[in-house]
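Residue-level structure breakdown
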Amino acid sequence: KGADKSGTSVAEMEMTAATIRFVEAETDCLLRSCVPGHLTGSAWIVSPDRRRVLLTHHLKLDKWLQLGGHADGDGDLLEVAWREAREESGLVGVRPLVPEIFDLDRHWIPARQADPGHYHYDFRFVFEADPAERLTISSESKDLAWVDLAEVTTLNPEESMARMVRKTAAGLI
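Scope of this entry: the structure provided in the associated data block. A quick note: this is a predicted structure, and the numbers were derived from the prediction, not measured.

1. Focus: helix α4 (residues 159-169)
Burial within α4 is extensive, with 8 of its 11 residues counted as buried. Buried within α4 are the following residues: S160, M161, A162, R163, M164, V165, K167 and T168. Backbone geometry just downstream of α4 places G171 in the positive-phi region, at approximately 75°.

2. A short note on the pairing of strand β2 (residues 52-58)
The buried fraction of β2 is high, at 5 of 7 residues. Bridge count for strand β1 (residues 37-46) against β2 is 2 bridges, and the pairing is antiparallel. Residue pairing in the sheet places V46 in a bridge with V53 of β2. Note: β2 against strand β8 (residues 141-148), 7 bridges, orientation antiparallel. Across the sheet, L55 pairs through a bridge with A145, a residue of β8.

3. Topic: the side chain of S141
For S141, the position within the fold is in strand β8. Classification of S141 as buried rests on a relative accessible area of 9%. In this structure the side chain of S141 is engaged in a polar contact, spanning 2.5 Å, whose partner is the side chain of T56.

4. Side note on unusual backbone geometry
Positioned with a positive phi, D72 is a non-glycine residue whose angle comes to about 45°. The topology assignment puts D72 in the loop between β4 (67-70) and α2 (77-89). By relative accessible area, D72 is classed as partly exposed at 44%. Here the phi dihedral of Q113 falls at roughly 50°; this positive angle occurs in a residue that is not glycine. Looking at where Q113 falls in the secondary structure, it is placed in the loop between β6 (103-109) and β7 (118-128). Its relative accessible area of 78% is what places Q113 among the exposed residues.

Parameters and conventions
Residues numbered from 1 in each chain as written. Predicted model: local features only at pLDDT ≥ 70, side-chain atom pairs only at ≥ 80, totals over all residues. Heavy atoms only, no water. Buried < 20%, exposed > 50% of the residue type's maximum accessible area, 1.4 Å probe, protein only. Helix = DSSP H or I, 4+ residues; strand = E, 2+ residues; numbered from the N terminus. Pairing = 2+ DSSP bridges. Polar contact = N/O pair within 3.5 Å; in protein donor to acceptor, adjacent residues only side chain to side chain.

Right, here's the structure in full:
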């Protein structure tokens, strides 16, 4: 589980290499129709004091996660993440903090109805929003909540979430 000077773990570096290989091999990687998997954009939305993060209780996956969604042909994954942040939360004032990728994750999505199991190659960006702004739960969510950073992994203990919490706590945003 070693990490380099930027805090990037060996597992993260391996996921990055796998993502590069995938993008080079799959010309349709931005489309849901790409059967092995496809690119997605996610928004890690933090409060101005960096003590809370906005999570959604995802309807289909039944997990607490960051907001995000499919690229659907859009190669600007920051814009994809921003669009999804607004659509899935109702937030108007949400804004990206930096244009660089905050985190990269590759995770398996199980088969569901007509969709075969596949990978999401998830490009994650950091956004900031005011927790006082009104939230609107979308049809893709069971709930939305501002969660204390220290409590995120009690809702979702997956390494993917823990890694973003660690990066936030370490001031890497």
